[in-house]
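Remarks on the overall topology
So the chains spell out like this:
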Amino acid sequence: AEEKGVKIDDKESNDDFDDTIDEPKIKIRRKRRKKEGKDSDGKPEKVKRKRRVKIAPSENADSKIADDDKDARGESDDSAIMPPSSKEASKPEAEPEEIEDPSNVWLDVNLFKTEREALDDSFLAARANFSKRGPWEYPASLEAKKCKDVLTQTLNKMDRLDHYSVFAEEVTEDEAPGYFDIVKKPMDFETMKQKIDNGEYGNGSSATASFYEDFMLVFDNCILYNDDGGEVAEEAARLFRLLPETYASACSGVVGKRKNPKVRS
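This structure is a prediction, so every number in the text was calculated from the model and none was measured.

**Section: the overall build of the protein**
Broken down by element type, the protein carries 11 helices and 2 strands. Each helix (α) and strand (β) of the protein, taken in turn from the N terminus, gives the series β-β-α-α-α-α-α-α-α-α-α-α-α. Taking all 265 residues of the protein together, the buried fraction comes to 28%. The long-range share in the protein, meaning contacts at least 24 apart out of those at least 6 apart in sequence, stands at 69%. Of the accessible surface of the protein, which amounts to about 20400 Å², a share of 48% is contributed by carbon and sulfur atoms.

**Quick word on the environment of Lys 185**
Relative to the helices and strands, Lys 185 is located in the loop between α8 (179-182) and α9 (189-197). Among residues more than four places away in sequence, those in contact with Lys 185 are Leu 217 and Asn 221.

**Observations regarding a negative patch on the surface**
On the surface, Asp 159, Glu 169, Glu 173, Asp 174, Glu 175, Asp 181 and Glu 190 cluster together to form a negatively charged patch. Considering the arrangement of structural elements, one finds Asp 174 in the loop between α7 (147-161) and α8.

**A closer look at the environment of Val 218**
Tracing the backbone through its elements, the reader meets Val 218 in helix α10 (residues 204-225). As for Val 218 and Met 192, which are separated by 26 residues in sequence, their C-alpha atoms are 10.0 Å apart. Sequence-distant contacts of Val 218, defined by excluding residues within four places in its chain, comprise Phe 167, Met 187, Asp 188, Phe 189 and Met 192.

**Points about α9**
For α9, the complete set of buried residues consists of Phe 189, Met 192, Lys 195 and Ile 196. Projected onto a plane normal to the axis of α9, the buried residues spread over an arc of 115 degrees and lie on a single side. Tucked into the core, α9 has its buried residues touching α7 and α10. Residue Asp 188 occupies the N-cap position of α9, its side-chain oxygen lying 3.0 Å from the main-chain nitrogen of Glu 190. Of the residues flanking the end of α9, it is Gly 199, one or two places downstream, whose phi is positive at about 70 degrees.

**Details of the packing of aromatic side chains**
Under the criterion given, the structure shown has 19 aromatic pairs. Ring centres 4.2 Å apart and planes at 0 degrees place the aromatic pair Trp 136 and Tyr 247 in the stacked group. In this pair, Trp 136 is assigned in the loop between α6 (123-131) and α7 and Tyr 247 in helix α11 (residues 231-254), connecting sequence segments 111 residues apart. With respect to burial, Trp 136 and Tyr 247 carry one shared label: buried.

**Remarks on the pattern of salt bridges**
For the structure shown, the criterion picks out 8 salt bridges. With a shortest N-O distance of 2.7 Å, Glu 115 and Arg 133 are connected by a salt bridge. Residue Glu 115 is located in helix α5 (residues 109-117), and its partner Arg 133 is located in the loop between α6 and α7; the two are separated by 18 residues in the primary sequence. Its salt-bridge partner being Glu 245, residue Arg 116 comes within 2.5 Å of it at the nearest N-O pair. Taken as a pair, Arg 116 in helix α5 and Glu 245 in helix α11 lie far apart in primary sequence, 129 residues in all. Accessibility assignment for this pair places Arg 116 and Glu 245 in one class, buried.

**What about the packing of α6 against α10?**
Two measures define how a pair of helices packs: the angle their axes make with one another and the distance between the axes. Contact geometry of α6 with α10 gives a least axis separation of 12 Å together with a crossing angle of 165 degrees. On the basis of their axis angle, the class for α6 and α10 is roughly antiparallel. Like other packed secondary-structure pairs, α6 and α10 cross with a definite hand, here left-handed. For the pair formed by α6 and α10, the contact residues are Phe 123, Arg 127, Phe 130 and Ser 131 on the first element and Tyr 212, Phe 215, Met 216, Phe 219, Asp 220 and Ile 223 on the second. Among the residues forming the contact of α6 with α10, the class breakdown is 7 nonpolar, 1 polar and 2 charged.

**Describing the side chain of Glu 245**
Look at Glu 245 and you get buried, because its relative accessible area is 1%. Here the side chain of Glu 245 touches Arg 116 through a polar contact of 2.5 Å, side chain to side chain.

**Things to note about the nonpolar core**
In terms of nonpolar packing, the biggest core is built from 42 residues, with Trp 136, Met 192, Phe 211, Phe 215 and Phe 219 touching the most fellow members. Of all the secondary-structure elements, those providing two or more residues to this core are α5, α6, α7, α9, α10 and α11. Ranked by residue count, the leading element in this core is α11, at 11 residues. Not counting residues within four places of it along the chain, the set of residues in contact with Trp 136 comprises Trp 106, Phe 130, Thr 154, Ser 205, Thr 208, Ala 209, Phe 211, Tyr 212, Phe 215, Leu 243 and Tyr 247.

Calculation rules
Residues numbered from 1 in each chain as written. Predicted model: local features only at pLDDT ≥ 70, side-chain atom pairs only at ≥ 80, totals over all residues. Heavy atoms only, no water. Helix = DSSP H or I, 4+ residues; strand = E, 2+ residues; numbered from the N terminus. Buried < 20%, exposed > 50% of the residue type's maximum accessible area, 1.4 Å probe, protein only. Contact = heavy atoms within 4.5 Å. Areas by Shrake-Rupley, 256 points an atom, 1.4 Å probe, with all protein chains shown as cover. Patch = residues over 30% accessible without salt bridge, like charges linked within 9 Å, V, L, I, M, F, W, Y side chains within 5 Å. Salt bridge = Lys/Arg side-chain N within 4 Å of Asp/Glu carboxyl O. Lys, Arg positive; Asp, Glu negative; His and termini not counted. Charge placed at Lys NZ, Arg CZ, Asp CG, Glu CD. Arc of directions from axis to C-beta. Polar contact = N/O pair within 3.5 Å; in protein donor to acceptor, adjacent residues only side chain to side chain. Phe/Tyr/Trp six-rings, centres within 6.5 Å; stacked < 30°, edge-to-face > 60°. Axes fitted to C-alpha atoms, helices over the stretch in contact; angles between N-to-C directions. Parallel < 35°, antiparallel > 145°, perpendicular 65-115°, else oblique. Left-handed = near helix turned anticlockwise from the far one by under 90°. Nonpolar A, V, L, I, M, F, W, Y, C, P; charged D, E, K, R; others polar. Core = buried A, V, L, I, M, F, W, Y, C linked by side-chain atoms within 4.5 Å.

Right under this line is the structure:
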């Protein structure tokens, strides 16, 4: 046939050739085949069974189950995964609490006043109160060079409180016949003053301890020689009761923290 001047040769006819194409009816069944256990060629697919492995529960099984439950609920343990915040990381460690030095109890004049007021009038009660803390300690907050001032103030105060000058000077044989047969280590306020002036007590707690022992001698010697129920013994008990408070008042006065500057008889 000719059309618009162009000659087109017809192809050879072939009775056996069928120019109609029947498209095969193919349905996409990939998902279904997968469910039915077939491969892409439509052949049955071998089922792979999962091997079941029994695992013995560990010691932390309960905690792991609890963690799994938290994960299922959308919860989490933030403390386990979150690093400390910058504020927490930079927070300084708490400083150890400072412990009060026991020797500073001798700055608390009111404490010793309260203890004195609770005593009866006996010498034994006064002595027990005087000795219950042992030899005097020198307060740690005081300078060592102030020790002489503490000793001097304590002794001067006790000398003023000794209204009858019972302990002011050394006892003589004329005043107290047979005194030195009974008392082997005599002591008095005048002798103690000389020891302070000569530096025999030294400084610090060793000084106040020796000072304490001399006061103990003064009053023990008095009771050793005199009757326990006499007037001299009563005066000794009165002064003995005032002694701890007087020492505390001297310590407090030296540091300028006198809580009760007056010790009344």
